[in-house]
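Coordinate analysis (summary)
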Amino acid sequence: MTLAQDTRARTARQHNAPDHQASLIVQGADATGIVAALTTVLSRHGANIVSLDQYSDNPQGGAFFQRTVFTLPGLRAALPALRADLDEHLVREFGLRCTLRDMSAPKRVAIFASRSDHCLLDLLWRHRQGQLPVSVAMVISNHPDVADEVRSFGIPFFHVPSTGPDKSAAEAEHLRLLKDNVDFVVLARYMQILSGDFIERAGVPIINIHHSFLPAFIGAGPYAKAKERGVKLVGATAHYVTEDLDEGPIIEQDVVRVTHAHTAADLTRRGADVERAVLSRAVLWHAEDRVIRDGNHTIVFA
């Protein structure tokens, strides 16, 4: 067994992920008979549905979204026939998009970080505690500061400097490290802007976390600027990365109240607490196939 296979096996065991459990994501135009057709296909193959969430934004010809988790003995051997049946009765008949995944194989994630380590270390700790059903393939940082702490978790660490206006060399190295090794990327307070070319060539979802003041208080020291303006709420937003900076589909948000008595340092600390919680929930929901993207919108079956 390779190191990667061993890591994924341990992650699956940590989360008690049955080796015969799968998720099925369905989306497309709403129509009468979709749920009946889906459950009929699963029943025909001997699957047992353990969770089913659905949403229609308009039952009269709107968009339909569904997440189903089911168990099926001998799942891996049964997947090809099940996919073919779903293609026949859901894709062709209803024009739906279906994504079927064996949940015993945790998604592989690369975490990008800079000097601020609160989100990074929180994700690594939650992963070690069995709270995140992912396999952390690597941590990449533009600074070496967190190398020892990352390696103490048994996670490969790569220092890729990224300085100056030309980021092409750094992004080329990032792409080399990521190629065929990850299913998604998390920016855990990675303080670099990704180019559109990198986002496209990475070819996997990228999740970012930032404070929720935007578009106000941009740049360095947002919490100090917020203190000067007397804000009463601080919060965080986790979203998918697109070429439009900080404007991708939102996965999760949260806020906490603050008062005039809180210092800028207090705001920074409370903001970091929210960032950790929001990012960990976003990563968990993405890893469990609970987030469905629809343009610049998300449906989250949390």
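Heads up: the structure comes first, above all this text.
Here the structure is a predicted model, which means the values were calculated and not measured.

Some details on the nonpolar core
I111, L120, L124 and L279 are the most contacted members of the largest nonpolar core, which totals 34 residues. Looking at this core, the elements with two or more residues in it are strand 5 (107-113), helix 4 (118-128), strand 6 (134-141), helix 5 (147-152), strand 8 (184-188), strand 9 (206-211), strand 10 (233-240) and helix 9 (264-287). For this core, the element with the highest residue contribution is helix 9, accounting for seven residues. Setting aside residues no more than four positions away along its own chain, I111 makes contact with L120, L123, L124, V136, M138, V139, I140, V186 and A188. F112, V185, V204 and V241 belong to the second largest nonpolar core, which has 20 residues in total.

Topic: the packing of aromatic side chains
Here the structure, examined in full by the defined rule, presents three aromatic pairs. Judged by centre distance (5.3 Å) and plane angle (90 degrees), the rings of F112 and Y190 are edge-to-face. On the criterion of sequence distance, the pair formed by F112 in strand 5 and Y190 in the loop between strand 8 and helix 7 (196-202) is long-range, its members being 78 residues apart. Overall, the relative accessible area of 6% leaves Y190 in the buried class. Considering the side-chain rings of F112 and F198, the 6.4 Å spacing of their centres and the 55 degrees angle between planes classify their relative orientation as tilted. On the criterion of sequence distance, the pair formed by F112 in strand 5 and F198 in helix 7 is long-range, its members being 86 residues apart. F198 gets classed as buried once you look at its relative accessible area, which sits at 1%. Here the aromatic residues F112, Y190 and F198 are joined through ring pairs into a cluster of three or more.

How each quantity is defined
- Residues numbered from 1 in each chain as written.
- Predicted model: local features only at pLDDT ≥ 70, side-chain atom pairs only at ≥ 80, totals over all residues.
- Heavy atoms only, no water.
- Core = buried A, V, L, I, M, F, W, Y, C linked by side-chain atoms within 4.5 Å.
- Buried < 20%, exposed > 50% of the residue type's maximum accessible area, 1.4 Å probe, protein only.
- Helix = DSSP H or I, 4+ residues; strand = E, 2+ residues; numbered from the N terminus.
- Contact = heavy atoms within 4.5 Å.
- Phe/Tyr/Trp six-rings, centres within 6.5 Å; stacked < 30°, edge-to-face > 60°.

By themselves these figures say nothing about function.
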